[in-house]
Amino acid sequence: MFDTYTDIFNKRGVAYHEAMQRYPNARDEEFGAMLDLLKPEAGDTVADMPSGGGYMRRYFGSKDIKLIAIETTQAFYDQCVEDEQTQCLLRNLDDTGLETASVDAVVSMAGLHHVEDRLTVFEEIYRILKPGGRLCIADVEKGSEIDGFLDTFVNQHNSLGHEGRFIEDDFRQDLQSADFDITFDNTLQYAWKFKNADQMVEYCTLMFGLDEASPKQVFDGISSWQGYTIYNGSCDMHWKLRFLKCIKK
Ligand SMILES: C[S@@+](CC[C@H](N)C(=O)[O-])C[C@H]1O[C@@H](n2cnc3c(N)ncnc32)[C@H](O)[C@@H]1O
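Read on for a plain summary of the structure.

## Observations regarding the overall build of the chain
Here's step 1: Of the regular secondary structure elements, the chain holds nine helices and eight strands.
Here's step 2: A compact globule built from 249 residues should have a C-alpha radius of gyration of about 18 Å, and the chain, at 17 Å, falls within 12% of that.
Here's step 3: Summarising its shape, the C-alpha atoms of the chain cover approximately 50 × 40 × 35 Å along the three principal directions.
Here's step 4: With 249 residues in all, the chain has 43% of them scored as buried.
Here's step 5: Of the contacts made within the chain by residues no fewer than 6 positions apart, 72% connect residues no fewer than 24 positions apart.

Here's what the structure looks like:
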């Protein structure tokens, strides 16, 4: 029987989280790029949808910013750790249960490509944002090397498959239909950082659930799609996402 993406992430979530735990700094540049766009201010409440295991929390540090980490998948929700700044919620993205006009910003990183009805999710985000509030999205661009890596290589070597609805014009149309103004829309390139190629292969095997690929096949898949650079004892895996910033009118 066909697995929904929630079913798939209930199976994949533990390995994904293990990758994030073993190499907590690997995606620092990616989260840093999101913070540069979001520009969180003291006193802000930020909802992260979907939040995975609440990974945004460590990038807020001790700043006076409240994080509402919203997850659709039990396996990720179970990993999310609450503290005085962090609330973890298991909710659908189109029905968060948050009060209208209650959050300053919403962040969404690498998760919207699994959403069937994006417009309904954008309408829900619009509802919970305060007027002037910002929605910052980072996701895979249709036709990019990352699209190829995920929907060709990962799809072939993950027994659960991978099929994403990546960013193209209909994605922007859905944002505009939900009444958002798009004020930033650019591809940003950076690295996922490791000490060596073995770490890069281990990370990708866990994160992308590559249960049907040998380490050599994973290495070759990375080499032929997004690529990597080895220098001074480091291994940078090339990565890029489309970053959009949208404002509630
Ligand atoms: C690649 S992870 C991204 C998690 C986190 N934002 C990060 O950057 O590490 C994809 C996320 O999509 C969520 N997801 C899976 N199926 C979904 C669905 N049908 N609707 C919404 N989110 C879904 C997963 O639970 C997971 O949190």
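Next comes the rest of the description.
## Focus: helix H2 (residues 28-38)
Turn by turn, an α-helix covers 3.6 residues, leaving residues three or four places apart pointing in a common direction.
Here's step 1: Within H2, burial applies to Glu-30, Ala-33, Met-34, Leu-37 and Leu-38. With its buried residues spanning 135° around the axis, H2 presents them on a single face. Facing away from the buried side of H2 by over 90 degrees, the exposed positions are Gly-32 and Asp-36.
Here's step 2: For H2, the secondary structure elements touched by its buried residues are strand E4 (103-109), strand E5 (129-139), strand E6 (180-194) and strand E8 (234-248).
Here's step 3: At the exit of H2 stands Lys-39, carrying a positive phi of roughly 45°.

## Focus: the nonpolar core
Here's step 1: Counting 72 residues, the largest nonpolar core has Ala-47, Val-103, Val-106, Val-107 and Cys-204 as its most contacted members.
Here's step 2: Contacts of Val-106, omitting those with residues within four sequence positions, involve Ala-47, Met-49, Ile-125, Leu-129 and Leu-135.

## A few points about the site of the ligand
Here's step 1: Around the ligand, 17 residues are found, and the nearest of them are Tyr-5, Pro-50, Gly-52, Thr-73 and Gly-111.
Here's step 2: With three residues, helix H1 (residues 5-22) is the single largest residue contributor to the shell around the ligand.
Here's step 3: The residue makeup of the shell around the ligand, split by class, is nine nonpolar, seven polar and one charged.

## Quick notes on the packing of helix H8 (residues 197-207) against helix H9 (residues 215-224)
Here's step 1: In the contact formed by H8 and H9, the axes pass within 9 Å of each other and the chain directions differ by 95°. Judged by the inter-axis angle, H8 sits roughly perpendicular to H9. Residues Ala-197, Met-200, Val-201, Cys-204 and Thr-205 of H8 pack against Pro-215, Val-218, Phe-219 and Ile-222 of H9.
Here's step 2: Residues that form the contact of H8 with H9 fall into these classes: eight nonpolar, one polar and no charged.

## Remarks on the environment of Asn-25
Here's step 1: If you trace the backbone, Asn-25 turns up in the loop between H1 and H2.
Here's step 2: Looking at Asn-25, the number of C-beta atoms within 10 Å reads 11, which means it is exposed.
Here's step 3: With 18 residues separating them along the chain, Asn-25 and Gly-43 place their C-alpha atoms 26 Å apart.

## Observations regarding the pairing of E4
Here's step 1: Of all seven residues making up E4, six are buried, and the element is well covered by its neighbours.
Here's step 2: Relative to E4, strand E1 (residues 45-48) runs parallel, the two sharing three bridges. Paired with Val-46 across the two strands is Ala-105, which belongs to E4.
Here's step 3: As judged from the six bridges shared by E4 and E5, these two strands associate in the parallel manner. Paired with Ser-108 across the bridge in E5 is Ile-137.
Here's step 4: Tracing the backbone out of E4, into helix H5 (residues 118-128) and back to the parallel element E5 gives a crossover that is right-handed.

## Quick word on the packing of H5 against helix H7 (residues 169-177)
Here's step 1: In the contact formed by H5 and H7, the axes pass within 9 Å of each other and the chain directions differ by 40°. One element, H5, and the other, H7, form an angle in the oblique class. Considering the relative orientation of H5 and H7, their crossing is right-handed. Packed against H5, whose contacting residues are Arg-118, Leu-119 and Phe-122, the element H7 presents Phe-171, Asp-174, Leu-175 and Ser-177 at the interface.
Here's step 2: Along the lines of polarity and charge, the residues of the contact of H5 with H7 split into four nonpolar, one polar and two charged.

## Overview of the environment of Glu-99
Here's step 1: With respect to the helices and strands, Glu-99 occurs in the loop between strand E3 (86-90) and E4.
Here's step 2: Glu-99 sits in the exposed class, given 9 other C-beta atoms within 10 Å.
Here's step 3: Sequence-wise, Glu-99 and Ile-128 are 29 residues apart; in three dimensions their C-alpha atoms are separated by 6.1 Å.

Reading the values: the criteria
- Residues numbered from 1 in each chain as written.
- Predicted model: local features only at pLDDT ≥ 70, side-chain atom pairs only at ≥ 80, totals over all residues.
- Helix = DSSP H or I, 4+ residues; strand = E, 2+ residues; numbered from the N terminus.
- Rg over C-alpha atoms; globule rule 2.2 N^0.38 Å.
- Buried ≥ 20, exposed ≤ 12 C-beta atoms within 10 Å, placed from the backbone.
- Contact = placed C-beta atoms within 7 Å.
- Arc of directions from axis to C-beta.
- Core = buried A, V, L, I, M, F, W, Y, C linked by C-beta atoms within 7 Å.
- Near = placed C-beta within 6 Å.
- Nonpolar A, V, L, I, M, F, W, Y, C, P; charged D, E, K, R; others polar.
- Axes fitted to C-alpha atoms, helices over the stretch in contact; angles between N-to-C directions.
- Parallel < 35°, antiparallel > 145°, perpendicular 65-115°, else oblique.
- Pairing = 2+ DSSP bridges.
- Right-handed = clockwise from strand over helix to strand, strands pointing away.
- Left-handed = near helix turned anticlockwise from the far one by under 90°.

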